[in-house]
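# A closer look at the structure
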There are 2 protein chains.
Amino acid sequence: MATLAQIAQLAGVTPATVSNVLRGRGKVGEDTKKRVLALAEELGYRPNLHARALVEGRPLTLALVVSSIANPFYPEFTLAAEQAARKQGYFLIVCNTNDDPELEKAYLDQVGGSLAHGVLVMNADFVEQDVLLAAERRGTPVVLCMWERPEQPPALPSIAVDFYRAGEIAAEHLLALGHRRVAAVVGSERNGNHIWRYRGFADAMARAGIDDLAEHTVFGHDTIEAGHEAAHQLLTANPQVTAIFVSNDLPAIGVLQSAADLGLRVPADLSVIGITDINLAHQIRPSLSTVAVPTAEAAEMAVNLLLSLIKGQPADGARPMLVTSRPQLVARDSTGPAR
Amino acid sequence: MATLAQIAQLAGVTPATVSNVLRGRGKVGEDTKKRVLALAEELGYRPNLHARALVEGRPLTLALVVSSIANPFYPEFTLAAEQAARKQGYFLIVCNTNDDPELEKAYLDQVGGSLAHGVLVMNADFVEQDVLLAAERRGTPVVLCMWERPEQPPALPSIAVDFYRAGEIAAEHLLALGHRRVAAVVGSERNGNHIWRYRGFADAMARAGIDDLAEHTVFGHDTIEAGHEAAHQLLTANPQVTAIFVSNDLPAIGVLQSAADLGLRVPADLSVIGITDINLAHQIRPSLSTVAVPTAEAAEMAVNLLLSLIKGQPADGARPMLVTSRPQLVARDSTGPAR
DNA sequence: ATGAAAGCGCTAACAC
DNA sequence: GTGTTAGCGCTTTCAT
């Protein structure tokens with residue numbers, strides 16, 4: 001690997017001059033500039049980013065901590081985050097935690113603050129906030145992505161999405177279609193991070209006079225399999241149900257399959273609606289009605305907030321929370337009029 | 001951010017000693033060790049990885065270049081690669097190229113050789129090998145992942161999967177089920193990277209006396225949508241077809257949907273088989289029969305090969321190609337006896 | 001327009 | 001056991 005010094009020697013100048021030429025800074029003579037440029041090209045010179053980061057005191061990478069890149073939502077978010085980061089001259093390091101707090105801590109310790117200039121964290125619920133706060137206290141900018149409760153800001157800078165509203169929107173859609181006997185599948189534990197979506201849905205339903213939802217609600221996990229199982233349980237016990245609200249698209253797909261397994265036609269016999277609008281939602285059959293959440297927008301906002309934190313640094317204790325634009329109904333083939 | 005020097009000063013020793021304490025190297029007195037450790041803990045010391053990488057001449061990250069992390073195959077591969085890398089003390093930088101050669105080159109230039117110690121590259125077909133060879137010539141170890149032609153090693157170190165054999169296996173499965181009127185959907189251009197899977201399939205079919213496959217083959221892209229479209233075209237023009245081979249799971253899912261749209265029952269009316277066994281394959285309904293490819297194994301082999309290249313470096317021009325274990329049939333619900 | 005010098009934070013080799 | 005020294009590759013004043 002060619003270094004600045006090598007080029008300098010061959011060009012008969014000093015490293016400083018070479019640096020100036022390559023970065024277009026300072027005044028350099030036309031002829032030396034030509035010479036240096038030619039040499040750099042010939043030797044295939046590439047700056048050592050570690051050295052640059054060291055002297056500039058500013059690493060060139062951002063870290064994204066996710067529980068598992070294999071959950072289809074994350075790649076979509078990651079893609080947007082990576083593009084936003086690159087646009088600002090940063091690289092993105094992906095840190096998979098597999099919901100392992102130890103791993104999470106290890107990543108935060110090692111990557112945060114030196115290798116990476118700042119950290120984006122998903123799934124604030126799995127995370128012990130202490131770990132994040134400790135990292136922040138050490139000087140690592142941290143941004144929580146996809147916070148679910150805009151009305152109650154977390155202890156860290158964050159990007160929030162109004163998931164409560166998303167739940168309401170889903171309810172309004174089902175109500176407009178005439179559904180009154182509805183059930184719900186929640187892709188998290190009873191106190192997990194999907195609870196606000198469910199509350200939004202449940203509150204809207206309650207306002208419409210539907211008050212037995214709680215009896216027809218199953219809590220579980222954010223997977224296709226869990227959705228499948230929950231729906232099976234729900235549908236066999238309550239065949240009169242005409243619509244199921246699911247707190248996330250992945251388990252919603254499981255619900256769709258469960259309906260198919262039970263011989264139910266969607267949406268003629270049963271309507272299903274999810275939340276998020278992952279790519280898969282429009283790719284499966286029947287395509288999934290859902291409440292779209294601005295994933296790419298959130299990713300971009302998160303990167304920009306992180307970067308502004310990095311630059312402006314201690315806005316003396318201010319913990320900004322930015323809210324994305326509103327979730328939006330995407331009505332597809334999995335919802336229809338109540339039978 | 002606390003530094004070694006700060007701790008050293010507070011502890012009344014030199015940076016070297018602190019370094020020794022923290023890394024457990026060299027001989028250090030019990031009491032100073034205690035003192036240093038306490039200070040480090042108190043100040044929340046974290047080593048600057050850039051500085052360490054600089055002096056050790058060994059970065060701590062590996063880069064993974066993929067065309068789009070949003071294609072569900074990549075996250076699965078990425079997950080395995082990240083775990084293998086971490087096991088060896090490396091971090092993984094994800095580089096999305098969106099099939100843009102410019103971006104690819106930029107990533108290789110900037111990340112390879114300084115920020116990252118080596119580079120894993122997927123989709124060797126989209127990549128101009130020149131760019132990779134140039135990077136390698138500059139001293140950046142490069143490993144091609146998922147090379148599709150074991151019998152013809154590429155110009156770079158690589159991990160190969162016997163996709164030709166995978167195609168054969170798919171053919172054998174359909175033949176065993178009695179299918180004679182078969183069609184094929186290829187998820188790449190006519191000369192794209194899926195061609196060897198198709199050849200494997202076609203050759204096995206030819207050996208069984210089926211020689212009109214070429215007339216029932218559609219080339220396209222590696223997406224659900226493309227598979228859907230190709231199947232629609234194929235099935236409306238050739239209703240007598242009883243089975244479709246698809247060169248990848250994603251378009252195979254599209255074929256499944258197309259069959260559903262046309263009112264065909266799978267597998268009673270039509271059998272469909274894919275290749276890869278992505279997670280989605282067992283999650284959709286009907287579940288997809290496919291030929292599983294050892295994704296995680298390939299990822300791990302790729303990381304290990306890259307690391308050995310980094311250590312052993314120039315095995316003087318040797319361009320090792322490692323072949324993963326054999327693809328394997330995974331018969332699910334999308335294939336059945338010919339009607 | 002170019003050079004000299006200092007230093008980013010850390011590790012390694014060797015001296016004490 | 002602990003300190004000293006040097007240097008990784010680069011950028012940035014400040015001289016010249």
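Residues numbered from 1 in each chain as written. Chains lettered and ligands numbered in written order. Predicted model: local features only at pLDDT ≥ 70, side-chain atom pairs only at ≥ 80, totals over all residues. Heavy atoms only, no water.

### Details of the protein's contact with DNA strand C
In the neighbourhood of DNA strand C, 23 residues make up the surrounding shell, with K27 and G29 of chain A together with L4, Y45 and R52 of chain B lying closest. In DNA strand C, atoms within 4 Å of the protein come from the sugar-phosphate backbone in 82% of cases. Take N48 of chain B: an N or O atom from its main chain is 3.1 Å from a phosphate oxygen of DNA strand C. Those elements that provide at least two residues to the surface near DNA strand C are α2 (15-23) and α4 (49-56) of chain A together with α2 (15-23) and α4 (49-56) of chain B. Residues of the surface near DNA strand C, tallied by class, amount to 11 nonpolar, eight polar and four charged. (Near = heavy atom within 4 Å. Polar contact = N/O pair within 3.5 Å; in protein donor to acceptor, adjacent residues only side chain to side chain. Helix = DSSP H or I, 4+ residues; strand = E, 2+ residues; numbered from the N terminus. Nonpolar A, V, L, I, M, F, W, Y, C, P; charged D, E, K, R; others polar.)

### Some remarks on the UniProt feature "domain: HTH lacI-type" (unreviewed entry) in chain A
Under the UniProt annotation, "domain: HTH lacI-type" (unreviewed entry) lies at residues 2-56 of chain A. Helix makes up 71% of residues 2-56 of chain A and strand 0%, with an end-to-end C-alpha separation of 20 Å. (UniProt positions renumbered as here; feature names shortened; annotations may be inferred.)

### Observations concerning the protein's contact with DNA strand D
In the neighbourhood of DNA strand D, 23 residues make up the surrounding shell, with L4, Y45 and R52 of chain A together with G29 and T32 of chain B lying closest. In DNA strand D, the atoms that sit within 4 Å of the protein are 78% sugar and phosphate, with bases accounting for the remainder. Contacts to DNA strand D include R23 of chain A, whose side-chain N or O atom sits 3.2 Å from a phosphate oxygen. Between a phosphate oxygen of DNA strand D and a main-chain N or O atom of N48 of chain A, the distance comes to 3.1 Å. Tallied by class, residues from the surface near DNA strand D come to 11 nonpolar, eight polar and four charged.

### Observations regarding the sheet that holds strand β10 (residues 289-292) of chain B
All names here are of chain B. Spatial ordering of the open sheet is given by β7-β6-β8-β9-β10-β12, a layout of six strands whose pairing is mixed. Unpaired on one side and paired on the other, β7 (217-219) and β12 (328-330) mark the two borders of the sheet. Across this sheet, the average inter-strand angle for adjacent strands is 20°, counted without regard to direction. Sheet topology places β10 next to β12; three bridges connect them, and they run antiparallel. Bridge pairing in β12 links A292 to Q328. Against the sheet, helix α8 (residues 163-176) touches β8 (243-246), β9 (271-276), β10 and β12, its axis set at about 160° to β9. Lying over the sheet, helix α10 (residues 224-237) contacts β6 (182-186), β7 and β8, oriented at roughly 150° with respect to β6. (Pairing = 2+ DSSP bridges. Axes fitted to C-alpha atoms, helices over the stretch in contact; angles between N-to-C directions. Contact = heavy atoms within 4.5 Å.)

### With respect to unusual backbone geometry
The step from V266 of chain B to P267 of chain B runs through a cis peptide bond, and the omega angle for that step is 10°. Among the structural elements, P267 of chain B can be located in the loop between α11 (249-261) and β9. For the bond running from R285 of chain B to P286 of chain B, omega is -10°, close enough to zero to count as cis. Position of P286 of chain B among the secondary structure elements: in the loop between α12 (279-283) and β10. One non-glycine residue, M146 of chain A, lies in the positive phi region at around 60°. Structurally, M146 of chain A is set in strand β4 (residues 142-147).

### Things to note about the pairing of strand β4 (residues 142-147) of chain B
Residues and elements named next belong to chain B. Of all six residues in β4, six are buried, a share of seventy percent or more. By the bridge criterion, three bridges tie strand β3 (residues 118-121) to β4 in an arrangement that is parallel. Paired with V119 across the two strands is V142, which belongs to β4. Looking at chain direction, β4 and strand β5 (residues 158-160) are connected through two bridges and run parallel. Bridge pairing links W147 to A160 in β5. (Buried < 20%, exposed > 50% of the residue type's maximum accessible area, 1.4 Å probe, protein only.)

### Re the sheet that holds strand β10 (residues 289-292) of chain A
Residues and elements named next belong to chain A. Taken in spatial order, the six strands line up as β7-β6-β8-β9-β10-β12 in an open sheet, and their pairing is mixed. The open sheet terminates on both sides in strands that have one partner only, identified here as β7 (217-219) and β12 (328-330). Between one strand and the next, the sheet's axes are offset by a mean angle of 20°, whatever the strand orientation. Helix-sheet contacts for helix α9 (residues 195-207) involve β6 (182-186), β7, β8 (243-246) and β9 (271-276), and the interaxial angle to β6 is about 170°. Relative to β9, helix α11 (residues 249-261) is tilted by about 160°, and along the sheet it contacts β6, β8, β9 and β10.

### Side note on helix α9 (residues 195-207) of chain B
Residue and element names in this part refer to chain B. The end-to-end C-alpha distance of α9, which contains 13 residues, comes to 18 Å, matching closely the 18 Å that a straight helix rising 1.5 Å per residue would cover. Looking at α9, one finds that the buried residues are I195, W196, R197, Y198, G200, F201, A202, A204 and M205. Those residues of α9 that are buried are in contact with α8, β6, β7, β8 and β9. In the stretch just after α9, G209 is the one whose phi turns positive, near 90°. (Expected span 1.5 Å × (residues − 1).)

### Some words on the interface of chain A and chain B
Listed as interface residues are 47 residues of chain A and, on the opposing side, 47 residues of chain B. In total, chain A and chain B occlude about 4500 Å² of area from one another, counting both sides; carbon and sulfur atoms represent 61% of this. On the chain A side of the interface with chain B, the three residues burying the most area are H50, F91 and R138 of chain A, jointly 15% of the side's total. Summed over the shared surface of chain A and chain B, the number is four salt bridges. Residue D261 of chain A pairs with R285 of chain B through a salt bridge whose shortest N-O separation is 3.1 Å. At the boundary of chain A and chain B, one finds 25 residue pairs in polar contact (both at pLDDT 80 or more). Looking at the side of chain A that touches chain B, the elements that each hand over two or more residues are α4, α5 (73-87), β2 (91-96), α6 (101-111), α10 (224-237), α11 and α12 (279-283) of chain A. For the side of chain A that touches chain B, the element with the highest residue contribution is β2 of chain A, accounting for six residues. Each residue belonging to the side of chain A that touches chain B can be placed in one class, and the counts come to 23 nonpolar, 16 polar and eight charged. (Buried area = accessible area lost by both parts, 1.4 Å probe. Salt bridge = Lys/Arg side-chain N within 4 Å of Asp/Glu carboxyl O.)

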